[in-house]
Amino acid sequence: MSGPLIVLVGPMGVGKSTVGELLAERLGTTYRDTDADVVAAAGKAIAEIFFDEGEEHFRELERRAVRDAVDQHTGVLALGGGAVLDAKTRALLAGRPVAYLAMDVEEAVRRVGLNTARPLLAVNPRRQWRELMDARRHLYEEVARTTVATDERTPEEVAQAVLDALELPEPEPVASGRENTPMTEQATTRISIAGTAGTEPYEVLVGRRLLGELPHLIGDRAKRVAVLHPEALAGTGEAVREDLAAQGYEAIAIQLPNAEEAKTAEVAAYCWKALGQTGFTRSDVIVGVGGGATTDVAGFVAASWLRGVRWIAVPTTVLGMVDAAVGGKTGINTAEGKNLVGAFHPPAGVLCDLAALDSLPVHDYVSGLAEVIKAGFIADPVILDLVEADPQAARTPAGPHTAELIERSIRVKAEVVSGDLKESGPREVLNYGHTLGHAIEKNERYKWRHGAAVSVGMVFAAELGRLAGRLDDATADRHRAVLESVGLPLTYRGDQWPRLLENMKVDKKSRGDLLRFVVLDGIGRPTVLEGPDPAVLLAAYGEVSA
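Keep in mind that this is a model prediction, so the values were computed, not measured.

## Considerations on the sheet that holds strand β2 (residues 31–33)
Pairing within the open sheet is parallel, and its five strands lie in the order β2-β3-β1-β4-β5. Of all strands in the sheet, those bounded by a partner on one side alone are β2 and β5 (146–149). Strand-to-strand, the axes of this sheet are offset by a mean angle of 25°, without reference to chain direction. The pairing of strand β4 (residues 98–102) with β5 spans four bridges and is classified as parallel. Residue pairing across strands places Ala-99 opposite Thr-146, the latter belonging to β5. Relative to the sheet, helix α2 (residues 34–42) contacts β2 and β3 (76–78), its axis offset from that of β2 by approximately 60°.

Right, dumping it as structure tokens:
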């Protein structure tokens, strides 16, 4: 019987992709994933297919993808978690070398509990996991020639168990550098942020399946935990709350408005009231789950309640991961400007679970890339090289360099804030593109995405640097090329300059009536330009005027 050497089945998050790639490497063959085939055929993420067309449509796409893959692929094949629900698919797998990768419910929640891309585990992952497995376990066992448990095993150990059970030829050892990495922690990067000005050092974790780290960060001293989340992530916030309650904490969930609408004094007061009614003490902990606006509010509420309680950031957007959640700057907006009220209050830890990005709308994902590209211009040109090598891949969390781009961006910020917590000097360089960007956001009443505004702000800063004789033409032009390649805007309304100029005068970097802008002397060489000639400012804005 021709077809795949190995077919992997099992529930979502069990590690089929990781084990499948290892098996393909060790057998000297290729790896294929039918979920990836469905995404490619539909042109959208699986969560979007569920939302737009429904589960039945997705299952039909999946059925076709499995049929084609079993017919065409001769290497290692992984099927989606629900593929075995289809009777024709089960018949197609009869007699084939199928391995069922299994795990228990607690392990499942640790691995996929924060993954908003899992449309069938959107609210209560523990209960829904049991229900899914009750419906599917016998189907996995029906099609499988062998069952391999993955709990407390490394990916390499699971791969070896599959090879042994299917009696495939013993492969030659291949040094992969991952032999001692537990499956629950595989590919997790830890980035240290040094403590300054009396603050404690902390870590930013980047990877997948990071929910299990949360109780460790909260610690034993805390009795109560408040999970702050936006309305758009109500299911995820409740899932985190339930998981913490199961760990023995008195956990509450506080729902915030979406995006910048959360960053008001009224919302902060609402949170204070909830904490007071719950009896929150200085030993208790706040957890912010959401984008940059959510973590800004969560950090500010933590800084102001009882003059400071511990908090943990769980950013779910690119912007949140590479910028807002790292560094300890917290705050809310006022009618006069953005982030004008706030505090420097570093978190106890940051969990950047890349799985949360899988279901992020493309415009939100691309908006976050502005901060990534900013990090490339001010400090790490490798970021620019990676984006320019394949701009379309950079626009999606499925791209090959997603983790590296996010990690590099975080390291740029980590290095800066470790030496300057309170923006008294070097930290100002992180505001490259932000002076005009914040002015645009205020002018649009925060209806523009932050990254879109910062993109225009960076083009303006590049033109300002060029006109001031600081930046060469090639680097200024490179700003336009790389930002446009991923779909970020380069221009704003030309008739708005007087209003934008007034908005910039209340920017945090201004000193009295002196406007100050971060500009570049070259890639990786940011500096501050003070009091530029008004004519030069106007000319630079003319270069970004639509």
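## Here we look at the packing of helix α14 (residues 362–378) against helix α19 (residues 450–467)
It is the contact of α14 with α19, at a shortest axis distance of 6 Å, that shows an interaxial angle of 40°. By the angle between their directions, the pair α14 and α19 is classed as oblique. Crossing angle aside, the handedness with which α14 passes α19 is left-handed. Contacts from Ser-367, Ala-370, Glu-371 and Lys-374 of α14 reach α19 at His-450, Gly-451, Ala-452, Val-454, Ser-455 and Met-458. Looking at the contact of α14 with α19 residue by residue, the class counts come to four nonpolar, four polar and two charged.

## Quick notes on the environment of Val-341
You can see Val-341 is positioned in strand β13 (residues 337–344). Residues Val-341 and Lys-263, 78 residues apart in the sequence, show an inter-C-alpha distance of 9.8 Å. With sequence-adjacent residues up to four places away left out, Val-341 is seen in contact with Phe-300, Thr-330, Gly-331, Ile-332 and Thr-334.

## A short note on the packing of aromatic side chains
When we look at a pair of aromatic rings, we describe it by the centre distance and by the angle of the planes. Taken as a whole and assessed by the stated rule, the structure comprises six aromatic pairs. Relative to Trp-497, the ring of Phe-460 has its centre 6.1 Å away and its plane inclined at 45°; by these criteria the two rings are tilted. Of this pair, Phe-460 sits in helix α19 while Trp-497 sits in helix α21 (residues 497–504), and the two are 37 residues apart along the sequence. As far as burial versus exposure is concerned, Phe-460 and Trp-497 are alike and both buried. Three or more aromatic residues joined by ring pairs make a cluster, and in this case those are Phe-460, Trp-497, Phe-517 and Tyr-541.

## Examining the pattern of salt bridges
A side chain with one charge can pair with a side chain of the opposite charge if their charged atoms come near. As enumerated under the stated definition, the model contains 36 salt bridges in all. The partner of Lys-374 in a salt bridge is Glu-371, with the nearest N and O atoms 2.8 Å apart. In this pair, Lys-374 and Glu-371 are both assigned in helix α14, three residues apart and thus about one turn of the helix distant. For Lys-374, a relative accessible area of 4% puts it in the buried group. Residues Glu-428 and Arg-516 are paired through a salt bridge, measuring 2.6 Å at the closest nitrogen-oxygen approach. Placement of Glu-428 in the loop between α17 (402–419) and α18 (434–443) and of Arg-516 in strand β15 (residues 516–520) is noted, with a sequence separation of 88 residues between them. Arg-516 matches Glu-428 in its accessibility class, with the two residues each being buried. The structure contains a network of salt bridges with shared partners spanning Glu-260, Lys-263, Asp-296, Lys-338 and Glu-441.

## Some points on the sheet that holds strand β8 (residues 224–230)
Remark on secondary structure: sheet strands pair via backbone hydrogen bonds, oriented parallel or antiparallel. Pairing within the open sheet is mixed, and its seven strands lie in the order β6-β7-β14-β11-β10-β8-β9. Lying at the two open borders of the sheet, with one neighbouring strand each, are β6 (189–193) and β9 (250–256). Neighbour-to-neighbour, the strand axes of the sheet open up by a mean angle of 15°, direction not taken into account. Relative to strand β14 (residues 349–353), strand β11 (residues 310–315) is paired through two bridges, and the arrangement is parallel. Directly across from Ile-312, in β14, lies its bridge partner Gly-349. In this fold helix α10 (residues 234–246) packs onto β8, β9 and β10 (285–290), with an angle of close to 170° to the strand it touches most, β8. Lying over the sheet, helix α12 (residues 292–304) contacts β8, β9, β10 and β11, oriented at roughly 170° with respect to β10.

## Here we look at the pairing of β14
Two faces belong to every sheet, and in a regular strand the side chains alternate between them. Burial runs high along β14: five of the five residues are buried. Across the two faces of β14 the burial is the same, with Gly-349, Leu-351 and Asp-353 and Val-350 and Cys-352 all buried. Here four bridges tie strand β7 (residues 202–207) to β14, and the two strands are oriented parallel to one another. Residue pairing in the sheet places Val-206 in a bridge with Cys-352 of β14.

## Concerning a nonpolar patch on the surface
Together, Leu-340, Val-341 and Val-506 make up a nonpolar patch on the protein surface, roughly 200 Å² of accessible area in all. Here Leu-340 lies in strand β13. Residue Leu-340 is classed as partly exposed on the basis of its relative accessible area of 35%.

What counts as what
Residues numbered from 1 in each chain as written. Predicted model: local features only at pLDDT ≥ 70, side-chain atom pairs only at ≥ 80, totals over all residues. Heavy atoms only, no water. Pairing = 2+ DSSP bridges. Helix = DSSP H or I, 4+ residues; strand = E, 2+ residues; numbered from the N terminus. Axes fitted to C-alpha atoms, helices over the stretch in contact; angles between N-to-C directions. Contact = heavy atoms within 4.5 Å. Parallel < 35°, antiparallel > 145°, perpendicular 65-115°, else oblique. Left-handed = near helix turned anticlockwise from the far one by under 90°. Nonpolar A, V, L, I, M, F, W, Y, C, P; charged D, E, K, R; others polar. Phe/Tyr/Trp six-rings, centres within 6.5 Å; stacked < 30°, edge-to-face > 60°. Buried < 20%, exposed > 50% of the residue type's maximum accessible area, 1.4 Å probe, protein only. Salt bridge = Lys/Arg side-chain N within 4 Å of Asp/Glu carboxyl O. Patch = residues over 30% accessible without salt bridge, like charges linked within 9 Å, V, L, I, M, F, W, Y side chains within 5 Å. Areas by Shrake-Rupley, 256 points an atom, 1.4 Å probe, with all protein chains shown as cover.

Fair warning: the whole summary comes from geometry, so function is off the table for now.
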